[in-house]
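Examination of the molecular architecture
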Amino acid sequence: MRTLSERRATTAAAVVVGLATVGLFLVSRGKWSDALIDSGNVWIVPDTVARGGLLYRDIVWWFGPFTPSFHAPFLRLFGSGFPALMIAGLAASAATVAVLFAALRRVTSAGEAFGWTALAVPALFFMPDSGGAILGMGYRMWHAAAFGLASLALVPAGEGRRAGLRAFAAGALAGMAGLCRTEWGLVVLFAGMLAAARGGAASGRLRTAFLLVAGFAAAFGAGLGIFVLLAGPRAVLADGPVLLWNMPPETRTHLFGVTRRSWSGLAGMVYGAAVWAGAFLALELVALRRSDPLIARRRLAAIFVILAVLLACVLAFGFPANPLFAGGPLVCAGAVVAGLRLPRGPVAARLTGFGVAGLLLFHRRPFHVTDGAYVAPPLLFVLVCAAALATAAASRDRAEDRKRLSSAIVGGLAVLTLLAFGLRADQYAKDRRVPIRGTGGMLSA
């Protein structure tokens, strides 16, 4: 039960983050997207649907039907243009923020969940050049990520009340993620099944897995089946890679080809993960140095090792473009390892589920993780993994030490969030592009 002072502090923090978000919105308005990066595609497809056209039959579409079907009513209501897409993006962003907070609350305290969620707003939702959630080419990934986070947050970790209903609902949400992008739905379903396997008693795992698959089949099958009936099986299942076959060779090469640039990306990934680990150790050292005099010796040795790793990465491949993002895949891998090593239970289940999902969703060429349209949605899972790992590490401490460490983490997240808001605002303020006519001020060049 939180005290009155804690509730007041949370309210004040929410007001500050809200005002900062409004300010960043005003500074960045019309500069979120890039006129040369699929900006027409994200408008033309739902515009066709809004005018009475049918997906797959009247316009080629490689992905699931949810995103253009979600956008079409906004185009009908607010007019066919980019301002309507911006409103749709804001609505979906608000829902995703709420889902992210709910997922974080499954793995950490309310204060830390709020801190991680606040950090995501400037760092991820306001990414420039079509990478963010307000206006860009990544809508279908953002929608899939929201459904995926909700699905994994719902996966039951035992035989509690309504476990069967929750398992079916989690599967259905994974199916909805698949209706945005098929591979996202499959990844979330697989991660949910692994989470269930690391959760409760053996007697309930098979039933949970069955209900997850049943929920997925019901949602995904019904959603895609409607278009198979209306547009015809060939238009949906054969003319495009909706079900991940018939994928063009250049797309497969782009997804999985490994070059020297890929190796530099791997070095950046190690660098980024080391930064995250070093930051946590530094916070732990500051928070617990008085209650545990020996912690300085133990943590300083680990920090020196991390500094050596950072130096080696820089000497080999140079300084990575965005080290905080680059470490995402390894953070997820760490969550998977921790989830598999811990005894079965809710903590192991959530670490495994969110970790596997985040790791598999970084399937682009390994592993250049920076501001970009395919990057932000998987990073939502990284935030949940990072919060879960920090909570699991702190669980070994005494209650008083856990509280001190939690306060230090909240403070560190507050500083990082304010810095992220400032850097994003400065980045957009220095952007000298001007609005393009006919786009409602939503595209610049």
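The structure reproduced in this document is the subject of the present report. (Residues numbered from 1 in each chain as written. Predicted model: local features only at pLDDT ≥ 70, side-chain atom pairs only at ≥ 80, totals over all residues. Heavy atoms only, no water.)

Here helix α5 (residues 110–125) spans 21 Å end to end across 16 residues, near enough to the 22 Å set by a 1.5 Å rise per residue. Counting buried positions along α5 gives 13 out of 16 residues, so the element sits mostly inside the fold. (Helix = DSSP H or I, 4+ residues; strand = E, 2+ residues; numbered from the N terminus. Expected span 1.5 Å × (residues − 1). Buried < 20%, exposed > 50% of the residue type's maximum accessible area, 1.4 Å probe, protein only.)

Viewed as axis vectors pointing N to C, helix α15 (residues 328–341) and helix α16 (residues 346–361) meet at an angle of 150°, and their least axial separation amounts to 7 Å. The orientation of α15 relative to α16 falls into the category roughly antiparallel. Read as a crossing pair, α15 and α16 show a hand that is left-handed. Between α15 and α16, the contacting residues are Pro329, Cys332, Ala333, Ala335, Val336, Ala338, Gly339 and Leu340 on the first element and Ala348, Leu351, Thr352, Gly355, Val356, Gly358 and Leu359 on the second. Taken together, the residues of the contact of α15 with α16 break down into 11 nonpolar, 4 polar and no charged. (Axes fitted to C-alpha atoms, helices over the stretch in contact; angles between N-to-C directions. Parallel < 35°, antiparallel > 145°, perpendicular 65-115°, else oblique. Left-handed = near helix turned anticlockwise from the far one by under 90°. Contact = heavy atoms within 4.5 Å. Nonpolar A, V, L, I, M, F, W, Y, C, P; charged D, E, K, R; others polar.)

Right, let's get into the pattern of salt bridges. Under the criterion given, the structure shown has 6 salt bridges. Among the ionic pairs, Asp47 bridges to Arg51, the shortest N-O distance being 3.0 Å. With relative accessibility at 10%, the residue Asp47 sits in the buried group. A salt bridge links Arg433 to Asp431; the shortest N-O distance between them is 2.9 Å. Using a relative accessible area of 18% as the deciding quantity, one classes Asp431 as buried. (Salt bridge = Lys/Arg side-chain N within 4 Å of Asp/Glu carboxyl O.)

Moving on to unusual backbone geometry. Positive phi is not limited to glycine here, since Tyr56 has a value of about 75°. Relative to the helices and strands, Tyr56 resides in the loop between α2 (39–50) and α3 (66–78). According to the relative accessible area criterion, Tyr56 is buried, its value standing at 6%. For Ser130, which is not glycine, the phi torsion reads 70° and is therefore positive. Position of Ser130 among the secondary structure elements: in the loop between α5 and α6 (139–154).

Below, the discussion takes up the packing of aromatic side chains. By the definition in use, this model includes 12 aromatic pairs. With centroids separated by 5.7 Å and ring planes inclined at 80°, the aromatic side chains of Tyr56 and Phe227 adopt a geometry described as edge-to-face. In this pair, Tyr56 sits in the loop between α2 and α3 while Phe227 sits in helix α9 (residues 202–231), placing the two residues 171 residues apart along the sequence. Residue Phe227 is classed as buried on the basis of its relative accessible area, which comes to 14%. Between the aromatic rings of Trp61 and Phe63, the centroid separation amounts to 5.3 Å while the plane-to-plane angle is 75°, which identifies the pairing as edge-to-face. Given the relative accessible area of 7%, Trp61 is considered buried. Put simply, the rings of Phe66, Phe70, Phe74, Phe78 and Phe147 touch in pairs and so form one group of aromatic residues. The residue whose ring lies beneath Arg140 is Phe63, and the NZ or CZ to ring-centre distance is 4.0 Å. (Phe/Tyr/Trp six-rings, centres within 6.5 Å; stacked < 30°, edge-to-face > 60°. Lys NZ or Arg CZ within 6 Å of the ring centre and 35° of its normal.)

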